[in-house]
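# Commentary on secondary and tertiary structure
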2 protein chains.
Amino acid sequence: VLDPADWERFRQTAHRALDDAIDYLRDSRERPAWQPVPENVKQRLREPMPQEPAPLESVYREFAEFIFPYASGNTHPRWLGWVQGSGTPSGALADLLAATMNSNAGGRDHAAVYVERQIVRWFRDLFGWPETTSGLLVMGTSAANLVAILVARTKAIGVRVREDGLDQHTSKLVAYASAATHACVRKGIEAAGVGSANLRVLPVDEDHRVEPARIAELIARDRADGFIPFLIVGNAGTVDVGAIDPLGELADLAKREHVWFHVDGAFGAMAYLSERLRPQLRGIERADSIAFDFHKWLHVPYDAGCVVVRDGEIHRATFASEGPYITRMPRGLAAGEPWFTDYGPDLSRAFRALKVWFTIKEHGARRLAHAIEMNCEQARYLASRIESDADFELLSPAVLQIVCFRPRAPLLDDVSLDRIVDEAVIRLQESGVAVISTTTVFGRRAMRASITNHRTTIEDLDLVLESLREIAGGLIAKRLS
Amino acid sequence: VLDPADWERFRQTAHRALDDAIDYLRDSRERPAWQPVPENVKQRLREPMPQEPAPLESVYREFAEFIFPYASGNTHPRWLGWVQGSGTPSGALADLLAATMNSNAGGRDHAAVYVERQIVRWFRDLFGWPETTSGLLVMGTSAANLVAILVARTKAIGVRVREDGLDQHTSKLVAYASAATHACVRKGIEAAGVGSANLRVLPVDEDHRVEPARIAELIARDRADGFIPFLIVGNAGTVDVGAIDPLGELADLAKREHVWFHVDGAFGAMAYLSERLRPQLRGIERADSIAFDFHKWLHVPYDAGCVVVRDGEIHRATFASEGPYITRMPRGLAAGEPWFTDYGPDLSRAFRALKVWFTIKEHGARRLAHAIEMNCEQARYLASRIESDADFELLSPAVLQIVCFRPRAPLLDDVSLDRIVDEAVIRLQESGVAVISTTTVFGRRAMRASITNHRTTIEDLDLVLESLREIAGGLIAKRLS
């Protein structure tokens, strides 16, 4: 038996760990936003597999000393690096409960399945989709996009693609997405055997949005060349700057051309919860499928993404499979059709719906929407401060919660300034004061603050900007001296 | 802010939930092994998305009343249905801590990445693999198999398959696996665009094992027909009966034919931890890649699977990708190469390595191996009881932990007996006494007990058999009357 020999002793350790976890989140502001993993910790985490048991207390102590302090840091109020949620204490508690129940949500007849269906239904209703809608929770939007790509592949070729694979005829599938699209779409196209050469990558306009007219031209040309246009991917929040493609126009185009319209809404789709932000996203509700994450802007602990598909039949036809060991029964535990495994690649699936359920039940859609609106306001604040600041240049507007900028240094060449951007961001991270990230905006290295964080305040943003002014200022002065 | 307004009040609720969770696992024997989800619960879980917040206490109460009691049941000592682990309290605690840290293990420089590398290294060392080995944690063996299939595809065609996709030439890829192989392999072959028609499904011998000589014949014929053999999948524990393919012979064949050799070791690979069981699995260590689960026979909470690949370069070449927002830096949080996202489809990845780390640190390899050995002994016990029992017929030997059997009813036709098998298993589940599953063994419906459970005792197995005798006996008598 792998259960504790002494349950009361286990209980003590567990309660202590829980207190530490609560303190950890309550005091996130007191810790560095990030600190490097020390050499002795790296060394320790190279030890070979232990053969003998150890008391849980000592395993916990080792965790508390060598692992707990060296998180990636996204629970910190000044962690604005990349688009990651900041977690919540009740989300973590929900994961404890899900792991306690230890249900496999791949299928069968038990609560985890009903909760996951409820989550899917909530978002189906949010987008105003019909009863035919299907969906499932996955690790994240990368997986959700892959699922959507495979469903679109079935739609274009028919379910025979599962048996036949891609051959000389069907290998002519082509997809369309802007250059601002996340790399995981390309990876999904590759995994599906379509080949990234068949992903037409379109340049973006000055607002980082794809131009539907250009896609229309390409589709016409591709059709003339014997290709089979099968997928248009629109972005609801591009990863670099948070731009939103003209989703309504893309929906029109897709409908006209009979091409699957998928929206990568990794973070942006959640802004649809806000009545104030919804108009910016109009058109997303006309997609054939949408991918998004709960662990980003809903702050559900990692990992939890979702894909919803308007036509549940074609979705099921893409993944449903049989095996004598998974025969469905009319009653008992093997009942409960439809099974989630018939809608995705996985049979083993954690009860990740529970942390989403807890988060939405506790906060309600309105408060979650408000936290998203707040981040957008903060981004606009930061952008306007930067615009009126002689030391900084704004590189992208705050469409949603992302702001890209960099120091002004008229006396420096671009290559030198690019290097200073990278170095300043590293130094800010190393200082432990805050974490922002870098990206490239129209060829220029940029500092990128993604305010996907319910703990961030205006004062935090001020401090980030002042810290960067000091660090970058010093680097520029040194370079010029 | 989505944090509690009153941290002490949150602390109270959380400690109460933790106590409930501990009691839940401690008293798992007192609850039904499974109970159907009542209609009022299903109804409740159809409520629309709440707009307004609710106190966490009331959300927790709703969970405790409507969700917690209706788990799939695999934490129960008499849950022998399908191959699922039974979880541990410290595994659940580890998930709380991982969710608290909320790190994204897709990449970057923080503890989650080092812990995951350690886990991969532990299993690399277990199989005696070289430094070149790569690996990553995924949701489960379905995902792990898909990763391996994609890596094998790269190996056969070259990295250009990512760009070119599968065309008339490369669509001639063919793979080989026995009819006893899990459906997820077929799904992976389909997702990869290879097409399941190109999966050669071989019949098994009387021990449910594939015959390597038959694969060799097929490879020769396929080569002559212009196909490209690219993958042999061996099973270390087939899903229906737990058979182990002749892995050493398959390794020889794959080497001779220059074909990728992948082992689906979803549960069986973990038996390699046991010195006593290791000889049965000999040959697995000569694979090019192995897929396995931690949430099955290591009892880590759902979900946590793993794939290891001997040639880390080809693994990386299959998935590595670039984006300005994921540029690697020499220092700071964006350092820490290699990133796990370069070895799989996902960028957002929970710190699922932590629960594996806790499990192996606390119990040590030897105790975990012992629990696996114990399950195999229990399976042999059950099989021998069945063999010497006039009321039952053994349908598959206990190679590992799975036993398939059914009632003897010489006066009944096969179709009627098949129906009674299914009905008896359903009734056993509905009784709450135990859960076993059904499958088909050489065309006959079978009762299937998968003793992947560290809480099961010999007395539990006796009770399961007696309950089945009573239920099936009644059904047979009624059918004959």
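Residues numbered from 1 in each chain as written. Chains lettered and ligands numbered in written order. Predicted model: local features only at pLDDT ≥ 70, side-chain atom pairs only at ≥ 80, totals over all residues. Heavy atoms only, no water.

## Quick word on helix 15 (residues 458-480) of chain B
Which entries qualify depends on this criterion: Labels follow the DSSP assignment, with helices taken as runs of H or I lasting at least four residues and strands as runs of E lasting at least two, numbered in each case from the N terminus. Expected helix span is taken as 1.5 Å per residue step, with the number of steps being one fewer than the number of residues. Think of it in three bands: with a 1.4 Å probe and only protein chains considered, a residue is buried below 20% of the maximum accessible area for its type, exposed above 50%, and partly exposed in between.
Spanning 23 residues, helix 15 of chain B covers 32 Å between terminal C-alpha atoms, matching the ideal 33 Å at 1.5 Å per step. Inspection of helix 15 of chain B places D460(B), L461(B), V464(B), L465(B), S467(B), L468(B), I471(B), A472(B), L475(B) and I476(B) among the buried residues, and these make up the whole buried set.

## Some details on the interface of chain B and chain A
Interface extent is often summarised as the accessible area lost during association of the parts. In plain terms, the rule: Contact criterion: two residues are considered in contact whenever any of their non-hydrogen atoms come within 4.5 Å of each other. As a working definition, buried area equals the accessible area (1.4 Å probe) given up by two parts on being put together, with both sides summed. Any carboxyl oxygen of Asp or Glu within 4 Å of a side-chain nitrogen of Lys or Arg constitutes a salt bridge here.
Tallying the contact residues gives 162 residues for chain B and 161 residues for chain A. When the two sides are added together, the surface that chain B and chain A hide from each other amounts to roughly 14,600 Å², 62% of it contributed by carbon and sulfur. Ranking the residues of chain B by area buried against chain A places L2(B), M49(B) and Y325(B) at the top, with a combined share of 6%. Linking chain B with chain A are 18 salt bridges. R11(A) is paired through a salt bridge with D23(B); the nearest N and O atoms lie 2.6 Å apart.

## Notes on the packing of helix 6 (residues 141-157) of chain A against helix 11 (residues 312-319) of chain A
Residues and elements named next belong to chain A. Applicable threshold: Lines fitted to C-alpha atoms define the axes, with helix axes restricted to the stretch in contact, and inter-axis angles between N-to-C directions lie between 0 and 180 degrees. For this classification, under 35 degrees means roughly parallel, over 145 means roughly antiparallel, 65 to 115 means roughly perpendicular, and everything else is oblique. Three residue categories are used. Nonpolar comprises Ala, Val, Leu, Ile, Met, Phe, Trp, Tyr, Cys and Pro, charged comprises Asp, Glu, Lys and Arg, and polar comprises the others, including Gly.
Between helix 6 and helix 11, whose axes approach to 9 Å, the crossing angle comes to 100°. What the angle tells us is that helix 6 and helix 11 run roughly perpendicular. Contacts from V147, L150, V151, T154 and K155 of helix 6 reach helix 11 at I314, H315, T318 and F319. Here the residues of the contact of helix 6 with helix 11 sort into five nonpolar, three polar and one charged.

## Notes on the relation of the copies chain B and chain A
The line we're drawing: Least squares is the method used to superpose the copies, on C-alpha atoms of residues holding a pLDDT of at least 70 in both.
Structural alignment of chain B on chain A gives an RMSD of 0.0 Å, achieved by rotating through 180° and translating 0.0 Å along the axis. The superposition operator between the copies reduces to a two-fold rotation axis. Most of the interface of chain B is mirrored in chain A, where 99% of its interface residues again form contacts.

## A word on the packing of aromatic side chains
Condition: Aromatic rings from Phe, Tyr and Trp, taking only the six-membered ring of Trp, are treated as a pair when their centres fall within 6.5 Å; an angle between ring planes under 30 degrees marks them as stacked, one over 60 as edge-to-face, and anything in between as tilted. By definition, being over a ring means that NZ of Lys or CZ of Arg is both within 6 Å of the ring centre and within 35 degrees of the ring normal.
With the rule as written, the count across this model stands at 30 aromatic pairs over all chains. Ring geometry for F127(A) versus F292(A): centroids 6.3 Å apart, planes at 65°, classification edge-to-face. Highlighted residues: F127(A) in the loop between helix 5 (111-126) and strand 1 (134-138) and F292(A) in strand 6 (residues 289-293), separated in sequence by 165 residues. A relative accessible area of 3% means that F127(A) is categorised as buried. Ring centres of F392(A) and F405(A) lie 5.9 Å apart, and the angle between their planes is 75°; on these two criteria the pair is classed as edge-to-face. Here the residue F392(A) occupies a position in strand 8 (residues 392-396), and F405(A) occupies one in strand 9 (residues 402-407), the gap between them amounting to 13 residues. On the basis of relative accessible area, F392(A) is assigned to the buried category, the value being 1%. The cationic tip of R108(A) hangs over the ring face of W82(B); the distance from NZ or CZ to the ring centre is 3.9 Å.

## As for the sheet that holds strand 6 (residues 289-293) of chain B
Residues and elements named next belong to chain B. Selection criterion: Should DSSP find at least two bridges between two strands, the strands are regarded as paired.
Pairing within the open sheet is mixed, and its seven strands lie in the order 1-7-6-5-4-2-3. Both edges of this open sheet fall to strand 1 (134-138) and strand 3 (199-202), since each of them pairs with a single strand only. Sheet twist, expressed as the average angle between the axes of neighbouring strands with direction ignored, equals 20°.

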